[in-house]
Amino acid sequence: MTIARSTIGKIRGTYDQLSRTEKEVAQLALDSPAVVSEMTIKELSSAAGVSTATISRFVKRMNYANYREFTMALMHTSIEDTSHPSSFPELAEGDSLATIASKTFHFSMNSLEATNEALNEQDLARAVLKLINSKTISFFGLGGSSIAALDGYHKFMRTSLNVTYYPDYDIQLMQAARMGEDDCAVIISHSGRNHETLKIVDELKRNDVTIIAITSYSGSPLAQRADVAFLSLTDEVNYRSEGMYSLISQLAILDSLFMMTVLRISSRTDHILTKVRDVIEQTRHES
C-alpha cells in the first residue's frame, strides 16, 4: 500500500534531520515496523529510551496527526509484508532472472509511490512559479545525477523558457558564476553531499540564484540550502548503494515539474512544441 511504503521512505528521507533521541525512535520503526505498530506510546518510549514527548514530536515531523495514525501506517507495512512476502526482499544471488526482474520493478514502483506521497503542493507551486518567471533555468548534476539533469534539460527545451545544461563540472561552475537573482538553478544530487555539487551551490548562493533541489535526504547540505527541495525517496536495500532507484524518482519529479510548467504557459509553449516536433519528424523521414 502507498501509505505504508511512503512511511518507511519518509523516515529514511528525513533521518539525517532528526535529533539524537528522535533517531532512536526512527531506527526502531525501520528495523521492526510490525512490532512498533502494536506498541502503545509508553511502550515505545520505554523501548527507545526516550520521552513520550519526543515520540510525539517525531510523529508530527513525519506529518501524521497523532501517534495512532503513525502506528496504523506501520501496521499496513506489516500486513503488506505478510500478504506479499517476496515483494520487497533483498536481491539474492540465487534468484531466477524472472524473480530479479520482478523485484526490480517492485523496488521502482515503491520508490515512485513514496516520492509522490512526500510531494507538497505548496512547494510545487513555488517551484513552478519560479521556473515560469526565470530569465534562465540551468540544470546541474554530476555523476549519476547528470542523467537526470540532462533529462530535465531535454524536456524543458520543448518550452519557450531559456534553459541550459553542461555535463562538464568546470563549465557548470562557470555557468553558476554567470547566473543572477532573476535565474533559477535545478540541482540534482542523490546524497546532497557531493563536494563539487556543493561548490556550485556556494557560487549560486553568492549570486542570489533561486535553487530547486532534488535529493534523497532532507537533512543534506543541498536540501538545507535550497529554496525548494523535493525528496526522491526509496526503501534502501544493500545491493544498490548508488541510489539506483532514486534516479527513477528524480526523473518523475522532473516530469511533474515539466508538465505543470507546460500547462501553466501553454499559450507561450504550444508553437515551440510544434516546431520541435516538426524538426524531429523531418529527421525521421530523412533517415
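Presented here is an overview of the structure given in this document. These numbers were taken from a predicted model, which means no experiment stands behind them.

Section: the sheet that holds strand β3 (residues 184-188)
Inference 1: Taken in spatial order, the 5 strands make up an open sheet running β2-β1-β3-β4-β5, and their pairing is parallel. Each edge of the open sheet carries a strand with a single partner, namely β2 (163-165) and β5 (228-231). Here the strands of the sheet are splayed against their neighbours by 15° on average, with no regard to which way each runs.
Inference 2: With 4 bridges connecting them, strand β4 (residues 210-215) and β5 associate as parallel partners. Its bridge partner lying in β5, Ala-213 is registered against Ala-229.
Inference 3: On the sheet, helix α9 (residues 145-156) packs against β1 (137-141), β2 and β3 and is oriented at approximately 160° with respect to β1.
Inference 4: Each of β1 and β2 touches helix α10 (residues 169-178); the most contacted strand, β1, lies at about 145° to it.

Some points on the packing of α10 against helix α11 (residues 195-206)
Inference 1: Running from N to C, α10 and α11 point in directions that differ by 15°, and their axes come no closer than 8 Å. On the basis of their axis angle, the class for α10 and α11 is roughly parallel. Note on packing geometry: the crossing formed by α10 with α11 is right-handed. The residues of α11 that touch α10, namely those facing Tyr-169, Gln-172, Leu-173, Ala-176 and Ala-177, are Glu-196, Lys-199, Ile-200, Glu-203 and Leu-204.
Inference 2: Within the contact of α10 with α11, the residues separate by chemical class into 6 nonpolar, 1 polar and 3 charged.

A closer look at the packing of aromatic side chains
Inference 1: The final tally for this structure, using the stated rule, is 6 aromatic pairs.
Inference 2: Both rings, one in Phe-139 and one in Phe-156, keep their centres 5.6 Å apart while their planes meet at 50°; by these two values the pair is tilted. Taken together, the residues Phe-139 in strand β1 and Phe-156 in helix α9 connect sequence positions 17 residues apart.
Inference 3: The buried category is assigned to Phe-156, whose relative accessible area is 1%.
Inference 4: A centroid spacing of 6.2 Å and a plane angle of 40° characterise the contact between Tyr-153 and Tyr-165, whose relative ring orientation is tilted. Linking Tyr-153 in helix α9 with Tyr-165 in strand β2, this pair joins segments that are 12 residues apart in sequence.
Inference 5: Cluster of aromatic residues (ring-pair linked, three or more members): Phe-58, Tyr-64, Tyr-67 and Phe-70.

Here we look at the nonpolar core
Inference 1: Core analysis: the largest hydrophobic core is formed by 26 residues, its most contacted members being Leu-131, Phe-139, Phe-156, Val-186, Phe-230 and Leu-257.
Inference 2: For this core, the elements supplying multiple residues, two or more each, are α8 (121-133), β1, α9, β2, β3, β4, β5 and α13 (244-264).
Inference 3: Setting aside chain neighbours within four positions, we find Leu-257 in contact with Leu-124, Ala-127, Val-128, Leu-131, Phe-156 and Phe-230.
Inference 4: Core analysis: the second largest hydrophobic core is formed by 21 residues, Ile-55, Tyr-64, Tyr-67 and Ala-73 among them.

Digging into the side chain of Ser-145
Inference 1: Mapped onto the elements of the fold, Ser-145 is located in helix α9.
Inference 2: On the basis of relative accessible area, Ser-145 is assigned to the buried category, the value being 8%.

What counts as what
Residues numbered from 1 in each chain as written. Predicted model: local features only at pLDDT ≥ 70, side-chain atom pairs only at ≥ 80, totals over all residues. Heavy atoms only, no water. Pairing = 2+ DSSP bridges. Helix = DSSP H or I, 4+ residues; strand = E, 2+ residues; numbered from the N terminus. Axes fitted to C-alpha atoms, helices over the stretch in contact; angles between N-to-C directions. Contact = heavy atoms within 4.5 Å. Parallel < 35°, antiparallel > 145°, perpendicular 65-115°, else oblique. Left-handed = near helix turned anticlockwise from the far one by under 90°. Nonpolar A, V, L, I, M, F, W, Y, C, P; charged D, E, K, R; others polar. Phe/Tyr/Trp six-rings, centres within 6.5 Å; stacked < 30°, edge-to-face > 60°. Buried < 20%, exposed > 50% of the residue type's maximum accessible area, 1.4 Å probe, protein only. Core = buried A, V, L, I, M, F, W, Y, C linked by side-chain atoms within 4.5 Å.

Honestly, it's all geometry; don't read function into it.
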